[in-house]
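Working through the structure, step by step
Below, each chain spelled out in residue letters.
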Amino acid sequence: MNEEGKSLLEARGLSRHFVVRAGGTIIRKKRIVRAVDDVSLDLRAGRVTAVVGESGSGKSVLARMLARIVAPTSGELVLDGSPVAIKQKRTLAYASKVQLVLQDPFASVNPVHRIRHSLERPLLIHGAAKTDVESLSESVLARVSLDPPSRYLDRYPHELSGGQLQRVSIARALCVKPQVLLADEPISMLDVSVRLGVLNLLRGLCDEERLAVLYITHDIASARYIADEIVVMYAGQVVEQSKGTRLIDEPAHPYTRLLIASVPDPAALTRDQVKGEHAFTGAAVSEGCRFYPRCPHAMEICRTSEPPMSEVGEGHMARCWLHSYTSEVSSGALTVRQRGGTVSKQ
Amino acid sequence: MSTSSLPRAPHHDVAPSDETALTSAKPESNDLVLEVKDFSVDYGWGERAVRAVRNVDLDVHRSQVLGIAGESGSGKSTLVYAVTRLLRSPAVITGGDARLFLEADKDIGSDARTLDLLGASERELRSIRWSQVSIVLQSALNALNPVLRISAEFDEVLRTHRRDMNRHQRRARAVELLELVGLNEDRLARFPHELSGGQRQRIMIALALALDPQLVIMDEPTTALDVVTQREIIGELRDLRARFGFAMIFITHDLALLVEIADEIAVMYAGTIVERAPAASLHDAPRHPYTLGLLNSSPPLHGEHRELVGIPGSPPDLAQSLVGCSFRARCPYALERCAREAPPLVGIEDGGRMVACWLHDGSPTNLPEPLRRKASPTARDDLAPRAAKEVRS
Ligand SMILES: Nc1ncnc2c1ncn2[C@@H]1O[C@H](COP(=O)(O)OP(=O)(O)O)[C@@H](O)[C@H]1O
Ligand SMILES: Nc1ncnc2c1ncn2[C@@H]1O[C@H](COP(=O)(O)OP(=O)(O)O)[C@@H](O)[C@H]1O
Ligand code: SF4
Ligand SMILES: [Mg+2]
Ligand SMILES: [Mg+2]
């Protein structure tokens, strides 16, 4: 087992750009979508890192780059201390150390085969002996609390509920004894009532087996529940990041506040003003802050220059001019102090 | 007026004749839009039938938002599709009554009337679908025709139901509808694949409102969307409801979300309603262990970190005959009696609360603490929209 806190997979300045044809019925211009732009992450043994952002913020592209299914445009990956040759094909060894679990278990577990088949295949590919696969399959089902395992092996996917099937797809990822588990919105297709079961399972694997877990979600409340570190992504960039749940208790970036205000919370009496720009289409190249068109606190500088990532507290970074302006500014409703100062409503 | 003698199973397959339509000239209630009584739906026949909806009672009042909550498979979609007669074989309505109370509608020159939904002819159903009762289906995100521009969808609906409108009027109405849901008119020229999930869902909502219906049914309209888009759409629906005063049935598995939008909530489990209460009371003071479990399934944004368990286990197989309380196997408080007898849905306390749980059969002081809490009467008014306050018309 890995030593707690040891870096297992590190991403340094990872970017992925796509060239797409821009809309418009007559003139079709090429446009570059910066789906993921200069993102760095460190996934450590026994830690859950959450990446939070709404649809289109680049979370899945990031996860696929970490799983090496999508090639980065630039950046580096370091697996368990050794640099990864990004330009070359993914090796079987890499695949067995880094496993990806997807959002929809009904789409990711083959519907025509029994559960047995879905588990045996990866075991055999990664070199298990034929005589062992049955007992290995059972032990992996037991690890995801499908009990008794023998009852599930001969079932078909449609005979299981969404929550049970998501456990199967996690079990399948565990077959090859990975060190890093990337879970791309593993609960968003599941019923609210079974989501906690899957979150507790991921947390348990992380604590008991010292896996490094990347938990991707659009629901910041679930990130608070499970994560040791939270990274907020918007339009391909990291806009806020903190250890623990600091960024939820004291959000610095207006986008993080929007994510918090969006969580269904019958107990909350006041809500941040949400200025919706529904036509927003993702990581468009523009100058200034990418959140500028939707930000309720936007200032002139936000339109013209991109804010840098700056420290707002211990282990707490945010990419917002409200927190990195060199002198004291006030923008209507807000008074802001430089670096680490709190944002307070007047 | 009882309709229980009407031939029913499997009446969706039999082309109904127009003579079977039962409408009476006068609305029987000024306040109700929809009344469903003792309603049951099976999939299939005989021993192996899946009893998807069992003996459900439901009323929806004018301008009210009724929420229906429950896990997948609890019968929410089956219930509303059967009531509006959209279900096809092998679904069979095995019993019950469903009546729609329509106000006079000057747009189409109709008088106030009561429509027996289960007896109505296909032609009558067509005349009220969309114009009086509209439904946003669970799979709505894929419901738009991929080869049609959005403008064509609006045009089609308006051309069919508003024959007097000319092309320019239809276009103007479409633009107006898009504005209602916060979309720019340039979306009209787009194809569905050029729009985000949230935009497509807004189009579906705009289409549902196109003919000014009296009742709008939304089946999990935000389940496939991220929380930010969900929050925006919920806000828009609240505003639209307040502005136009339509009644709404809002279905979701997310009870926390429902508490924000609904006036009243019915919680479904394994085909039956297990609790029904005003939204705020249900949130503050749940009475059924399943409701409590659903409320404890959303991780909180505030407070100490503590381990939560959700609701371990899964719902029963509806093809098996159920003895006792259907929630028993997952219930942390189950009594010996729960294994033998099914608890009926009965009124408790004042304020029109209903619950189906044996724990409430005895003295309230014997209740487990979490099911004994009092609803806080203060400061909750500005939370869920209360119909009477917001509707301006
Ligand atoms: N193969 C692709 N070609 C072009 N654009 C893409 C491709 N894959 C993803 N994108 C774009 O990258 C952005 C991020 O997408 P994604 O990572 O799927 O977001 P998320 O998972 O956060 O919802 C989106 O704007 C999306 O349209
Ligand atoms: N076509 C069908 N044939 C047989 N059973 C069905 C069919 N459609 C739904 N069911 C069953 O009916 C029950 C209720 O389903 P549904 O109304 O879709 O629930 P919900 O909308 O609450 O998720 C489920 O147990 C489901 O498996
Ligand atoms: S930098 Fe400016 S525009 Fe960007 S989030 Fe901060 S305040 Fe808003
Ligand atoms: Mg994604
Ligand atoms: Mg449904």
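Structural notes, computed from the coordinates. Source: prediction; values computed, not measured.

Let us look at the side chain of arginine 290 of chain A. Residue and element names in this part refer to chain A. Here arginine 290 is to be found in the loop between α11 (254–262) and α12 (300–304). The exposure class of arginine 290 is buried, given its relative accessible area of 6%. At a separation of 2.7 Å, a polar atom in the side chain of arginine 290 contacts the side chain of aspartate 37. Only 2.5 Å separates the side chain of arginine 290 from the backbone oxygen of alanine 235, close enough to count as a polar contact.

Turning next to the site of ligand 1. All names here are of chain A. Taken together, Phe18, Val20, Ala35, Glu54, Ser55, Gly56, Ser57, Gly58, Lys59, Ser60 and Val61 make up the full set of residues near ligand 1. In the environment of ligand 1, an oxygen atom lies 2.8 Å from a nitrogen or oxygen atom belonging to the side chain of lysine 59. In this structure, an oxygen atom belonging to ligand 1 sits 2.9 Å away from a main-chain N or O atom of valine 61. Within the complex, 64% of the 560 Å² of free accessible area of ligand 1 lies under protein. Elements with a contribution of two residues or more to the shell around ligand 1: β1 (7–21) and α1 (59–66). Looking at the shell around ligand 1, the element that brings in the most residues is α1, giving three residues.

To continue, consider the interface of chain A and chain B. One frequent convention defines the size of an interface as the accessible area lost when the parts assemble. If you look at the interface, chain A gives 35 residues, while chain B gives 43 residues. Buried surface at the junction of chain A and chain B, summed over both partners, amounts to about 3400 Å²; 56% is from carbon and sulfur atoms. Between the two partners, chain A and chain B, sit one salt bridge. A salt bridge links arginine 294 of chain A to glutamate 232 of chain B, with the nearest nitrogen and oxygen atoms 4.0 Å apart. Counting across the chain A and chain B interface gives 16 residue pairs in polar contact (both at pLDDT 80 or more). Its residues placed into classes, the side of chain A that touches chain B shows 18 nonpolar, nine polar and eight charged.

Moving on, we come to the sheet that holds strand β9 (residues 229–234) of chain A. Residue and element names in this part refer to chain A. Ordered in space as β6-β7-β8-β3-β9-β10-β12-β11, the eight strands form an open sheet in which the pairing is mixed. The sheet is open, and its two borders are formed by β6 (98–101) and β11 (309–313), each paired with just one other strand. Pairwise comparison of adjacent strand axes, ignoring direction, gives a mean angle of 20° for this sheet. Pairing of strand β3 (residues 48–52) with strand β8 (residues 212–217) involves five bridges; the strand directions are parallel. Note on β8: the bridge partner recorded for valine 51 is isoleucine 216. Helix α7 (residues 162–174) rests against β6 and β7 (180–184) of the sheet, and its axis sits at about 165° to β6. Running over the sheet, α11 touches β3, β9 and β10 (237–243) and is turned about 105° from β9.

All chains considered together, the criterion is met by 44 salt bridges over all chains. Residue glutamate 250 of chain A pairs with arginine 246 of chain A through a salt bridge whose shortest N-O separation is 3.6 Å. For arginine 246 of chain A, a relative accessible area of 30% gives the class partly exposed. We note a salt bridge from glutamate 176 of chain B to arginine 173 of chain B, for which the minimum N-O separation is 3.2 Å. Highlighted residues: glutamate 176 of chain B and arginine 173 of chain B, both in helix α4 (residues 167–180), separated by three residues, approximately one helical turn. Given a relative accessible area of 42%, glutamate 176 of chain B falls into the partly exposed group. A residue is classified by how much of its surface remains accessible, and arginine 173 of chain B, at 18% relative accessible area, is buried. One network of salt bridges, with partners in common, ties together Glu54 and Arg294 of chain A together with Arg202, Glu232 and Glu236 of chain B.

Once that is clear, we can look at the environment of proline 264 of chain A. Note on placement: proline 264 of chain A falls in the loop between α11 and α12. Assessed through its relative accessible area of 14%, proline 264 of chain A is described here as buried. Proline 264 of chain A has contacts with Gln230, Arg231, Asp254, Ala256, Leu257 and Glu260 of chain B, leaving out every residue within four places of it along the chain.

Residues and elements named next belong to chain A. Scanning the entire structure with this criterion turns up six aromatic pairs over all chains. For the ring pair tyrosine 234 and phenylalanine 291, a centre distance of 5.0 Å and an interplane angle of 85° mean the geometry is edge-to-face. Taken as a pair, tyrosine 234 in strand β9 and phenylalanine 291 in the loop between α11 and α12 lie far apart in primary sequence, 57 residues in all. Considered together, tyrosine 234 and phenylalanine 291 belong to a single accessibility category, that of buried residues.

Here we take up α7 of chain A. Counting along an α-helix, one turn takes 3.6 residues, and residues three or four places apart therefore face a common direction. Residues and elements named next belong to chain A. For α7, which comprises 13 residues, the first-to-last C-alpha distance of 18 Å matches the rise-based estimate of 18 Å (1.5 Å per residue) to within 8%. In terms of burial, α7 is a largely internal element, 12 of the 13 residues being buried. Of the positions making up α7, those classed as buried are Gly162, Gly163, Gln164, Leu165, Gln166, Arg167, Val168, Ser169, Ile170, Ala171, Ala173 and Leu174.

With an omega dihedral of -10°, the bond running from aspartate 147 of chain A to proline 148 of chain A counts as a cis peptide bond. Topologically, proline 148 of chain A is positioned in the loop between α5 (133–143) and α6 (149–153). Between serine 89 of chain B and proline 90 of chain B the backbone carries a cis peptide bond, its omega angle lying at 10°. Tracing the chain through its elements places proline 90 of chain B in the loop between α1 (76–83) and β5 (91–102). Its identity as a non-glycine residue notwithstanding, tryptophan 130 of chain B has a phi of 75°, on the positive side.

What counts as what
- Residues numbered from 1 in each chain as written.
- Chains lettered and ligands numbered in written order.
- Predicted model: local features only at pLDDT ≥ 70, side-chain atom pairs only at ≥ 80, totals over all residues.
- Heavy atoms only, no water.
- Helix = DSSP H or I, 4+ residues; strand = E, 2+ residues; numbered from the N terminus.
- Buried < 20%, exposed > 50% of the residue type's maximum accessible area, 1.4 Å probe, protein only.
- Polar contact = N/O pair within 3.5 Å; in protein donor to acceptor, adjacent residues only side chain to side chain.
- Near = heavy atom within 4 Å.
- Areas by Shrake-Rupley, 256 points an atom, 1.4 Å probe, with all protein chains shown as cover.
- Contact = heavy atoms within 4.5 Å.
- Buried area = accessible area lost by both parts, 1.4 Å probe.
- Salt bridge = Lys/Arg side-chain N within 4 Å of Asp/Glu carboxyl O.
- Nonpolar A, V, L, I, M, F, W, Y, C, P; charged D, E, K, R; others polar.
- Pairing = 2+ DSSP bridges.
- Axes fitted to C-alpha atoms, helices over the stretch in contact; angles between N-to-C directions.
- Phe/Tyr/Trp six-rings, centres within 6.5 Å; stacked < 30°, edge-to-face > 60°.
- Expected span 1.5 Å × (residues − 1).

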